[in-house]
Amino acid sequence: MSGSVAEVPKAPTPPAERATSWRKNRKLDQWIAFWSVPFFFNLFGLVFVPLSWMMPPRSPSSTTPHIVDFMQSHNLLIACVILTLAYGLAPVSNACYLMQVRRMSVSPAFRYSMMIGAITGAIVGMLFPMFCFGLGAFRPGYNSGVLTMLYDFGYLAFIGSLGCFCVMWMAFGLAIILDENSILPKWLGYYTIWQYVTELMAAPVWIVKSGPFAWNGLMTFWFAMTLYVSWQIIVYVCIYRAIKNQPEAELDNASAELRQAVELRSGTSA
Amino acid sequence: MNTRGQRILLWTAPPAVALFALAYLVFPVFSPPLSPTLTPDQVAAFFRGNVTGILGVAILGNLIACSLVPLFAVTAVQISRAATSSTVLTYAYVICVGVGTTAFILADYCWGMAAFRPDRDPQLISLLNDMAWFFFIAPVGTIMVQNLCFALSVYLDERPDPIFPRWVAHFNVATVVLLAPSAFSILYKSGPLAWNGPLSFTLRLTTFAVYIAVMFWALVRAVRHQGDDRVVLA
């Protein structure tokens, strides 16, 4: 696991200080943020699949009684509660990306674009669809037309939210490609841009109600989901390595002596 | 740090604007804009008759909804270059863009939903259409504050060589005044303030279009003059 950030000399950390306890870890904040994300995605998966069976998605062409049955299942409300409690963790994953982009030699405009995409995405892609399902289950007795509308809205907003993620990934990918500090590997930048293009594949969910391009279809759900999950895991591994390889002298909480020592050795200040 | 990244982000705006213009021109709901006085049955009939056009534009709108975000992000960077005591205006600006874009996307979803199953109860189609218009026309609060933040940063800038010409700030204040009437579209179903009226619809969209063009020009100029000037890494 040789670090790509090898230019800055490794910090002369006394081994005793590192070994004492996790509490003394100089990057504790970043690690807490980092590990909250797999926790969140696992919780997300548990709520969506075994608890509520919201995912894999039901068919857009389900019969009305099926839709009504599903929309009134009590587990949807419990799912809604759990996600309402946990959805604040979604911004944390984006914050982990932002910290690495901040270390790159790129304009803050990239970070702002990602932040805006993250704000928007959390609302239209998570809170709003979740509440559509919750509203359906909340009050029994709505007529089937209303429940079908909430059902459509829930699935289409979950699966068919595209633009906000496109801008985030475009900015993230471009930042990696333009960066001269080699914070993240260049191929990840191209991979991210490619991932953003595959996102366009989900567009037909707004049109068709059955077949491979429906919101539960082979292409738009299963294939797109496989691509997305693998990309997400790879990005996360790269982020893990980037945090791990960040020289201690570069940290905001680095001691003044450490910073000076590094600056003296490298000649110029960053 | 060079300005290459900012220039790349900035030049994504012209194609984005072209796509927005295309979406506007082919959107059946806008030609002419649907009247708020239509009955639910009339609205449902309209959606049933224009499924393809509405869905096509709703999907396009979904994809390009955030495509002007890079332009705003560059604006935020330029705001942070102004010599003021802090970057508070930059952050206010960025958050406003996030919230404002959310409203636009929800409008797009509502129109898409109405056309997704046009055989729904007309009451629901009408509700979705009303929701879409509310989200599309009325929430001008965020872009107003956005432009005020920008104008303030220009007025308060203490640099000897200003980043933007002063008239760009005056222009931003003017857009705030011109965009404000749209908020009243919630009160009226006919007349100039209704969502299809000359003040809420035509003036709002024209102002926005001119505003984007002016800001693009001003930003290209500002970024060119930025040179090696370091940006506050907020």
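Residues numbered from 1 in each chain as written. Chains lettered and ligands numbered in written order. Predicted model: local features only at pLDDT ≥ 70, side-chain atom pairs only at ≥ 80, totals over all residues. Heavy atoms only, no water.

## A few points about the overall build of chain B
Here's step 1: When helices and strands are counted, chain B shows 10 helices and zero strands.
Here's step 2: In chain B, the succession of helices and strands from N to C terminus is α-α-α-α-α-α-α-α-α-α.
Here's step 3: Against the compact-globule benchmark of 17 Å for 234 residues, chain B has a radius of gyration of 19 Å, which places it among compact chains.
Here's step 4: Projected onto the principal axes, the alpha-carbon positions of chain B cover approximately 60 × 30 × 25 Å.
Here's step 5: Scored against the burial criterion, the 234 residues of chain B give a buried share of 55%.
Here's step 6: Just so you have it, chain B exposes about 9600 Å², and 68% of that area is on carbon and sulfur atoms.
Here's step 7: One finds the centroid of the 13 positive side-chain charges in chain B at a distance of 6 Å from the centroid of its 10 negative side-chain charges. (Helix = DSSP H or I, 4+ residues; strand = E, 2+ residues; numbered from the N terminus. Rg over C-alpha atoms; globule rule 2.2 N^0.38 Å. Buried < 20%, exposed > 50% of the residue type's maximum accessible area, 1.4 Å probe, protein only. Areas by Shrake-Rupley, 256 points an atom, 1.4 Å probe, with all protein chains shown as cover. Lys, Arg positive; Asp, Glu negative; His and termini not counted. Charge placed at Lys NZ, Arg CZ, Asp CG, Glu CD.)

## Observations regarding the overall build of chain A
Here's step 1: For chain A, the helix and strand inventory stands at 11 helices and zero strands.
Here's step 2: In chain A, the succession of helices and strands from N to C terminus is α-α-α-α-α-α-α-α-α-α-α.
Here's step 3: Looking at chain A as a whole, 50% of its 270 residues are labelled buried.
Here's step 4: A sequence separation of at least 24 residues applies to 76% of the contacts in chain A between residues at least 6 apart.
Here's step 5: Of the roughly 12600 Å² of accessible surface on chain A, a fraction of 67% belongs to carbon and sulfur atoms. (Contact = heavy atoms within 4.5 Å.)

## Topic: the interface of chain B and chain A
Here's step 1: Listed by partner, the interface residues are 41 residues for chain B and 41 residues for chain A.
Here's step 2: Taking both partners together, chain B and chain A bury about 3800 Å²; carbon and sulfur atoms supply 77% of that area.
Here's step 3: At the boundary of chain B with chain A, the tally comes to two salt bridges.
Here's step 4: A salt bridge links Arg117(B) to Asp152(A); the shortest N-O distance between them is 2.7 Å. (Buried area = accessible area lost by both parts, 1.4 Å probe. Salt bridge = Lys/Arg side-chain N within 4 Å of Asp/Glu carboxyl O.)

## Section: the state of the cysteines
Here's step 1: Tallied over the full model, the rule gives zero disulfides over all chains.
Here's step 2: No disulfide involves Cys66(B); its sulfur sits 5.3 Å from that of Cys164(A), the nearest cysteine.
Here's step 3: Taking the relative accessible area as the measure of exposure, Cys66(B) reaches 1% and is therefore buried.
Here's step 4: Not part of a disulfide, Cys96(B) finds its nearest cysteine sulfur in Cys149(B), a span of 5.9 Å. (Disulfide = S-S within 2.5 Å.)

## Brief notes about a nonpolar patch on the surface
Here's step 1: Nonpolar side chains collect at one region of the surface, where Leu19(B), Leu22(B), Tyr24(B), Leu25(B) and Val26(B) lie side by side and expose about 460 Å² of accessible area between them.
Here's step 2: Within the secondary structure, Tyr24(B) is located in helix H2 (residues 13-26). (Patch = residues over 30% accessible without salt bridge, like charges linked within 9 Å, V, L, I, M, F, W, Y side chains within 5 Å.)

## Concerning the pattern of salt bridges
Here's step 1: Overall, the coordinates contain four salt bridges over all chains when judged by the stated rule.
Here's step 2: When the shortest N-O distance is used, the salt bridge between Arg120(B) and Asp152(A) registers 2.7 Å. Here Arg120(B), found in the loop between helix H6 (88-116) and helix H7 (122-137), pairs with Asp152(A), found in helix H7 (residues 144-159), and the two come from separate chains.
Here's step 3: Using a relative accessible area of 7% as the deciding quantity, one classes Arg120(B) as buried.
Here's step 4: Connected through salt bridges with shared partners, the residues Asp152(A), Arg117(B) and Arg120(B) form a single ionic network.

## Some points on helix H2 (residues 28-51) of chain A
Here's step 1: The terminal C-alpha atoms of H2(A) lie 33 Å apart, and with 24 residues this matches the ideal 34 Å at 1.5 Å per residue to within 8%.
Here's step 2: Elements that come into contact with the buried residues of H2(A) comprise helix H4 (74-86), helix H5 (90-103), helix H6 (108-138), H7 and helix H10 (218-245) of chain A. (Expected span 1.5 Å × (residues − 1).)

## Re the nonpolar core
Note that soluble globular proteins tend to have their nonpolar side chains buried in a common cluster.
Here's step 1: Counting 154 residues, the largest nonpolar core has Leu184(A), Phe47(B) and Trp111(B) as the members making the most contacts within it.
Here's step 2: Sequence-distant contacts of Phe47(B), defined by excluding residues within four places in its chain, comprise Val29(B), Leu34(B), Ile54(B), Trp111(B), Ala114(B), Ala115(B), Pro118(B), Ile125(B) and Asn129(B). (Core = buried A, V, L, I, M, F, W, Y, C linked by side-chain atoms within 4.5 Å.)

## Quick notes on the packing of H6(B) against helix H8 (residues 141-156) of chain B
Residues and elements named next belong to chain B.
Here's step 1: The N-to-C vectors of H6 and H8 enclose an angle of 160°; their axes lie 9 Å apart at closest approach. Between H6 and H8, the crossing angle belongs to the class labelled roughly antiparallel. With respect to the hand of their crossing, H6 and H8 are arranged in left-handed fashion. The residues of H8 that touch H6, namely those facing Leu 89, Ala 92, Tyr 93, Cys 96, Val 97, Val 99 and Gly 100, are Thr 142, Val 145, Gln 146, Cys 149, Phe 150, Leu 152 and Ser 153.
Here's step 2: For the contact of H6 with H8, the residue count by class is 10 nonpolar, four polar and no charged. (Axes fitted to C-alpha atoms, helices over the stretch in contact; angles between N-to-C directions. Parallel < 35°, antiparallel > 145°, perpendicular 65-115°, else oblique. Left-handed = near helix turned anticlockwise from the far one by under 90°. Nonpolar A, V, L, I, M, F, W, Y, C, P; charged D, E, K, R; others polar.)

## A short note on the environment of Trp31(A)
All names here are of chain A.
Here's step 1: With respect to the secondary-structure elements, Trp 31 resides in helix H2.
Here's step 2: Spatially, the C-alpha atoms of Trp 31 and Tyr 240 are 8.7 Å apart, while their sequence positions differ by 209 residues.
Here's step 3: If we skip the residues at most four places from it in the chain, Trp 31 touches Asn 25, Tyr 240, Ile 243 and Lys 244.

## Examining the packing of aromatic side chains
The geometry of two aromatic rings is summed up by the distance between their centres and the angle between their planes.
Here's step 1: Considering all chains together, one arrives at 50 aromatic pairs over all chains under this definition.
Here's step 2: Ring geometry for Phe34(A) versus Trp35(A): centroids 5.0 Å apart, planes at 90°, classification edge-to-face.
Here's step 3: The class of Phe34(A) is buried, set by a relative accessible area of 4%.
Here's step 4: Judged by centre distance (6.0 Å) and plane angle (55°), the ring pair of Trp133(B) and Phe201(B) falls under tilted. (Phe/Tyr/Trp six-rings, centres within 6.5 Å; stacked < 30°, edge-to-face > 60°.)

## Notes on the confidence of the model for chain A
Here's step 1: Model confidence for chain A is summarised by a mean pLDDT of 86, while 90% of its residues fall at 70 or above.
Here's step 2: Segment residues 1-11 of chain A is flagged for pLDDT under 50; beyond a separation of four residues in sequence, or across chains, it makes 17 contacts in the model. (pLDDT = per-residue confidence, 0-100.)

## Examining the environment of Pro91(A)
Here's step 1: Of note, Pro91(A) is situated in helix H5.
Here's step 2: Given the relative accessible area of 43%, Pro91(A) is considered partly exposed.

## Observations regarding H6(A)
Here's step 1: Taking 1.5 Å as the rise per residue, H6(A) with 31 residues should run 45 Å; its terminal C-alpha atoms sit 43 Å apart, in good agreement.
Here's step 2: The largest bend in H6(A) comes to about 30°, at Gly121(A). (Bend = angle between axes of the 7 residues up to and from the residue.)

## Topic: the environment of Ala137(A)
All names here are of chain A.
Here's step 1: Along the chain, Ala 137 falls in helix H6.
Here's step 2: Residues Ala 137 and Ser 73, 64 residues apart in the sequence, show an inter-C-alpha distance of 6.2 Å.
Here's step 3: Ignoring any residue separated from it by four or fewer positions in sequence, one finds Ala 137 in contact with Met 71, Gln 72, Ser 73, Leu 76 and Leu 77.

## Brief notes about unusual backbone geometry
Excluding glycine, residues mostly have negative phi values, and the peptide bonds linking residues are mostly trans.
Here's step 1: Here the amide bond leading from Met55(A) into Pro56(A) is cis, since omega sits at -5°, within 30 degrees of zero.
Here's step 2: In this structure, Pro56(A) sits in the loop between H2 and helix H3 (64-71).
Here's step 3: Cis geometry marks the peptide bond from Ser31(B) to Pro32(B); its omega dihedral reads -10°.
Here's step 4: Counting through the fold element by element, Pro32(B) comes out in the loop between H2 and helix H3 (40-49).
Here's step 5: Phi is positive for Trp53(A), which is not a glycine, with a value near 55°.
Here's step 6: With relative accessibility at 47%, the residue Trp53(A) sits in the partly exposed group.
Here's step 7: For Ser182(A), which is not glycine, the phi torsion reads 50° and is therefore positive.
Here's step 8: As for its placement among the helices and strands, Ser182(A) is situated in the loop between helix H8 (163-178) and helix H9 (186-199).

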